[in-house]
Amino acid sequence: MVGKLTDDGILSGSMAPVLMNESHPTYGMSRNDLMARVMNARGIGEYPQEGFSGSEAAEHGNELEGYIIKTAAERLGIDKYQDEVTQVYNYDNLFSVSLDGILYNEKMIAQATDSIILMNGQDEMQLRRNGIIEAKLTSAHFTETPPPYRGPWQLQMQMMCYGAEWGAIATLYQGTRLVVNVYEADYEMQKQLVSAA
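Let us look at the structure shown here. Only a predicted model underlies this, so the values are computations on that prediction, with no experimental measurement involved.

**A few points about the overall build of the chain**
When you go through the chain residue by residue, the secondary structure sums to five helices and 10 strands. Within the span of the chain, comprising 197 residues, buried residues form 43% of the whole. Carbon and sulfur atoms make up 45% of the accessible area of the chain, which amounts to about 10400 Å² in all.

Laid out in structure tokens, this is it:
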């Protein structure tokens, strides 16, 4: 975990579900709060806003990020990865994202298992070039498909900014089960992000 790298004056990956009006129903911020945050950061106003200020669970997630990425890479059969990414990746003037990790890969076939879920619905998926990975820790029960606020919108924005054809959300559920959801770049979702921005 390298800490926050992106500027509040531009939309970041963690704000993708807010942008798409699919933030966490209890803890997520509203689109109005997102707009206030961006406007305030750009010096355009001093709008009141509410936001998430962190929690013990978030601190645990930050501390375990390296372990989650390492375990996910091993399960995918990827030997080389980076889990301390300090570069920020941008898409036009719309998005600026930081990455939890990069999975270095030339070409391989990922196989579906109990702990690897291929989101194309197939038993295998061809992974070309480097992929990106988002690490999550949650007290929620396991679900085969992560909810929109637990990575899918964020990952699509990150793939767009980095230029990846695939990415993974590695989630440690309740401290006992680690599952890797592997996604292909979804150009329709990415178009929706651009349109919303």
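And the narrative resumes.
**Section: helix α5 (residues 187-196)**
Residues of α5 that are buried: Met189, Gln190 and Leu193. In a view along the axis of α5, the buried residues occupy a sector of 100°, so they form one face of it. Exposed residues on α5 whose side chains face more than 90 degrees from its buried face are Tyr187, Lys191 and Ser195. Check the buried side of α5 and you find it contacts α1 (16-19), β3 (95-97) and α4 (152-162). Capping the start of α5 is the job of one residue whose side-chain oxygen sits 3.0 Å from the backbone nitrogen of Glu188: Asp186.

**Things to note about the side chain of Arg150**
On the secondary structure map, Arg150 appears in the loop between β8 (131-138) and α4. Notably, Arg150 is buried but unbridged: the nearest opposite-charge side chain belongs to Glu134, and the N-O separation is 11 Å. When neighbours within four sequence positions are excluded, Arg150 is seen to be in contact with Lys136, Thr138, Ala140, Ile169, Thr171 and Tyr173.

**Concerning the packing of α4 against α5**
As a packed pair, α4 and α5 sit with axes 9 Å apart at the nearest point and diverge in direction by 90°. Classified by the interaxial angle, the pair formed by α4 and α5 is roughly perpendicular. Across the interface between the two elements, Pro152, Trp153, Gln156, Met157, Met159 and Met160 from α4 touch Met189, Gln190, Gln192, Leu193 and Val194 from α5. Of the residues in the contact of α4 with α5, the class split is eight nonpolar, three polar and no charged.

**Details of the packing of aromatic side chains**
Counted under the stated rule, the structure contains three aromatic pairs. Plain terms: the ring middles of Phe142 and Tyr173 are 5.4 Å apart, the flat faces sit at 85° to each other, and that makes the pair edge-to-face. Of this pair, Phe142 sits in the loop between β8 and α4 while Tyr173 is found in strand β9 (residues 166-173), placing the two residues 31 residues apart along the sequence. Among the residues examined, Tyr173 registers a relative accessible area of 1% and is labelled buried. Taking NZ or CZ as reference, Lys80 lies 5.2 Å from the ring centre of Tyr104, over its face. If you follow Arg177 out to its NZ or CZ, it ends over the ring of Phe142, 3.9 Å from the centre.

Calculation notes
- Residues numbered from 1 in each chain as written.
- Predicted model: local features only at pLDDT ≥ 70, side-chain atom pairs only at ≥ 80, totals over all residues.
- Heavy atoms only, no water.
- Helix = DSSP H or I, 4+ residues; strand = E, 2+ residues; numbered from the N terminus.
- Buried < 20%, exposed > 50% of the residue type's maximum accessible area, 1.4 Å probe, protein only.
- Areas by Shrake-Rupley, 256 points an atom, 1.4 Å probe, with all protein chains shown as cover.
- Arc of directions from axis to C-beta.
- Contact = heavy atoms within 4.5 Å.
- Polar contact = N/O pair within 3.5 Å; in protein donor to acceptor, adjacent residues only side chain to side chain.
- Lys, Arg positive; Asp, Glu negative; His and termini not counted.
- Salt bridge = Lys/Arg side-chain N within 4 Å of Asp/Glu carboxyl O.
- Axes fitted to C-alpha atoms, helices over the stretch in contact; angles between N-to-C directions.
- Parallel < 35°, antiparallel > 145°, perpendicular 65-115°, else oblique.
- Nonpolar A, V, L, I, M, F, W, Y, C, P; charged D, E, K, R; others polar.
- Phe/Tyr/Trp six-rings, centres within 6.5 Å; stacked < 30°, edge-to-face > 60°.
- Lys NZ or Arg CZ within 6 Å of the ring centre and 35° of its normal.

Read these as layout, nothing more, since geometry by itself doesn't imply function.
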